Amino acid sequence: MSFIRARKDWSNLLPELLRLVMFRLLVKDTIRASAVCKAWYESSVSFLMNNRRPWFMKYSLTSHRGPCEWYDPMQRMTYLTYIPEIIGMSVYHAKDGWLLMHKDGSSESFFFNPFTRKLINLPSCEHYNESAAFTCAPTSEGCLVFGMTKIDRDNNVVEINTLKIGETKWETTHFKSFGGPFTSKINIIFLEGLFHCFGWLDWIPVFDPSKRTLINHMAEYDRSLELSAGRYFVEIKGDIFFVKTGGEKLRFFRLNRNNKGWSWEEKDKIDEASTIFGASCGSVCRSDLPTSLRNKLLLSNAPHPMIKTYFSDGEKYLTDDSDIPFWDRHPKYQCVWIEPPKQRIDFI
């Protein structure tokens, strides 16, 4: 008796299986797979276009075997990938699909794109940057890396380091800090050509890279606020907001920047079309998302890799505990929201 082996038509895979296959490919390979057939093309295009919203990325800082976890807030799905390049590395800043990373205590840093696995090493800096950020993707023209550290805590001397991508040496300038104690927990927002550094509410150092000047702005704020865990600084349509969790409700403060002085003004809510994705190493706001994600705050409170979701009922923000992924509470995790590149060609 002879048997005829039936030919498998891979184009007839269930769409759910195709999406899982596409996710496990590098994005450049997903683009190549889109040329196989119509079904693969439709699945790959759906993945690439829907992938433009921020995803939550979490990985262990200590385990050499643990996978990197990705959480898609739109589909409420978690995926696992193995990325050995980031084992033991911490994230300074995330933007345009790139991570600025470093090893704790080391002056060595590098860019890494987890979607393409591309790595760009940076020249060594004389001192370890306690906080750092960058202006745009390192593959873009004019990318500038900014770092700061306290080199003399007794005399409040701050070191500012900048590096233009393509150059081989950091440019360093020292400044006297007049704003009070320096904290290594600095959130950096690049806005209007300036680096705004947030460690406290009343002392806001602002660095101008074109003039290499550092101005310490004093801002008025509600002194009852506690700056422990649950604080997020984010830029929303040209304004800087501070979001505070804890207590009976969410609190929002907009930074008023004018010639008369800076101050934090409390607001009842954020723009209804906006969604905030918050994490300890940086937050991002998006206003071009599907209706199901609008007017929400998805906040990760390090060091525990959990997401707490807040949504508005029109008058106040409520929590939706059912939206929290079930992850353990191991304290040695790095968590970050990362936006994939805006153009598909950037994946290649």
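Residues numbered from 1 in each chain as written. Predicted model: local features only at pLDDT ≥ 70, side-chain atom pairs only at ≥ 80, totals over all residues. Heavy atoms only, no water.

K.L.:
Looking at this structure, I do not really get the side chain of Ser300. What am I missing?
P.N.:
Looking at where Ser300 falls in the secondary structure, it is placed in strand E22 (residues 296-300). When its relative accessible area of 2% is taken as the criterion, Ser300 is described as buried. Not counting residues up to four positions away in its chain, the partners in contact with Ser300 are Phe56, Tyr232, Gly278, Ala279, Ser280, Met306 and Cys335. (Helix = DSSP H or I, 4+ residues; strand = E, 2+ residues; numbered from the N terminus. Buried < 20%, exposed > 50% of the residue type's maximum accessible area, 1.4 Å probe, protein only. Contact = heavy atoms within 4.5 Å.)

K.L.:
Looking at this structure, how should I read the sheet that holds strand E5 (residues 98-102)?
P.N.:
Strand pairing in a sheet relies on backbone hydrogen bonds. The paired strands run either parallel or antiparallel. Read from one edge to the other, the open sheet built from four strands follows the order E4-E5-E6-E7, with strand pairing classed as antiparallel. Looking at strand neighbours, the two that pair on one side only are strand E4 (90-95) and strand E7 (118-121), the edges of this open sheet. Averaged over all pairs of adjacent strands, the angle between strand axes in this sheet comes to 25°, irrespective of strand direction. Direction of pairing for E5 relative to strand E6 (residues 109-113): antiparallel, over a ladder of four bridges. Looking at the pairing, His102 lines up with Ser109 of E6. (Pairing = 2+ DSSP bridges. Axes fitted to C-alpha atoms, helices over the stretch in contact; angles between N-to-C directions.)

K.L.:
Please clarify how the packing of aromatic side chains should be interpreted in this entry.
P.N.:
Note on aromatic pairs: each is described by the distance of the centres and the angle between the planes. In this structure the tally under the stated criterion is 16 aromatic pairs. Ring plane angle 10° and centroid distance 4.4 Å describe the contact between Phe146 and Phe195, whose orientation is recorded as stacked. Of this pair, Phe146 sits in strand E9 (residues 144-152) while Phe195 is found in strand E13 (residues 194-198), placing the two residues 49 residues apart along the sequence. For Phe195, a relative accessible area of 0% gives the class buried. With centroids separated by 6.1 Å and ring planes inclined at 65°, the aromatic side chains of Phe242 and Trp264 adopt a geometry described as edge-to-face. With a gap of 22 residues between them, Phe242 in strand E17 (residues 239-244) and Trp264 in strand E19 (residues 261-267) connect regions that are remote in the sequence. Using a relative accessible area of 8% as the deciding quantity, one classes Trp264 as buried. Linked through ring pairs, Phe146, Phe175, Phe190, Phe195 and Phe207 together constitute an aromatic cluster. The cationic tip of Lys58 hangs over the ring face of Tyr333; the distance from NZ or CZ to the ring centre is 4.1 Å. (Phe/Tyr/Trp six-rings, centres within 6.5 Å; stacked < 30°, edge-to-face > 60°. Lys NZ or Arg CZ within 6 Å of the ring centre and 35° of its normal.)

K.L.:
Even after reading the chapter, I still don't get the pairing of strand E20 (residues 275-278), so can you show me in this structure?
P.N.:
Regular strands place their side chains on alternate faces of the sheet. Of the two faces of E20, the one holding Thr275 and Phe277 and the one holding Ile276 and Gly278 are both buried throughout. Alignment of E20 against strand E21 (residues 284-286), held across three bridges, turns out to be antiparallel. Residue Ile276 lies in a different strand from E21, and its bridge partner there is Cys285. The loop that links E20 with its antiparallel partner E21 comprises five residues; one of these, Gly282, has a positive phi angle of about 145°.

K.L.:
Got a minute to help me understand a nonpolar patch on the surface in this structure?
P.N.:
There is a patch of nonpolar side chains on the surface, built from Leu14, Leu17, Leu20 and Met77 and spanning about 330 Å² of accessible area. Assignment of secondary structure puts Met77 in strand E3 (residues 77-81). (Patch = residues over 30% accessible without salt bridge, like charges linked within 9 Å, V, L, I, M, F, W, Y side chains within 5 Å. Areas by Shrake-Rupley, 256 points an atom, 1.4 Å probe, with all protein chains shown as cover. Salt bridge = Lys/Arg side-chain N within 4 Å of Asp/Glu carboxyl O.)

K.L.:
I would appreciate a short explanation of empty space enclosed by the protein in the present structure.
P.N.:
Applying the stated criterion to the full structure yields one cavity of 30 Å³ or more. When its volume is computed, the largest cavity comes out at roughly 50 Å³. Around the largest cavity, the lining residues are Tyr92, Ser106, Ser107, Glu108, Ser109, Cys125, His127, Tyr128, Asn129, Ala132 and Trp170. Considering only residue class, the lining of the largest cavity consists of five nonpolar, five polar and one charged. (1 Å grid on protein atoms, 1.4 Å probe; cavity = no way out; pocket = protein on both sides within 12 Å on 5 of 7 lines; lining within 4 Å. Points joined across faces, edges and corners; volume = space filled by probe spheres on them. Nonpolar A, V, L, I, M, F, W, Y, C, P; charged D, E, K, R; others polar.)

K.L.:
Quick question: what am I supposed to make of the sheet that holds strand E23 (residues 307-312) here?
P.N.:
Strand order in this open sheet of five strands is E21-E20-E22-E23-E24, and the pairing throughout is mixed. For this open sheet the edge positions go to E21 and strand E24 (317-319), each flanked by a neighbour on one side alone. Each strand axis lies, on average, 20° off the axis of its neighbour in the sheet, ignoring direction. Here three bridges tie E20 to E22, and the two strands are oriented parallel to one another. Within E22, the position partnered with Ile276 by the bridge is Leu297.

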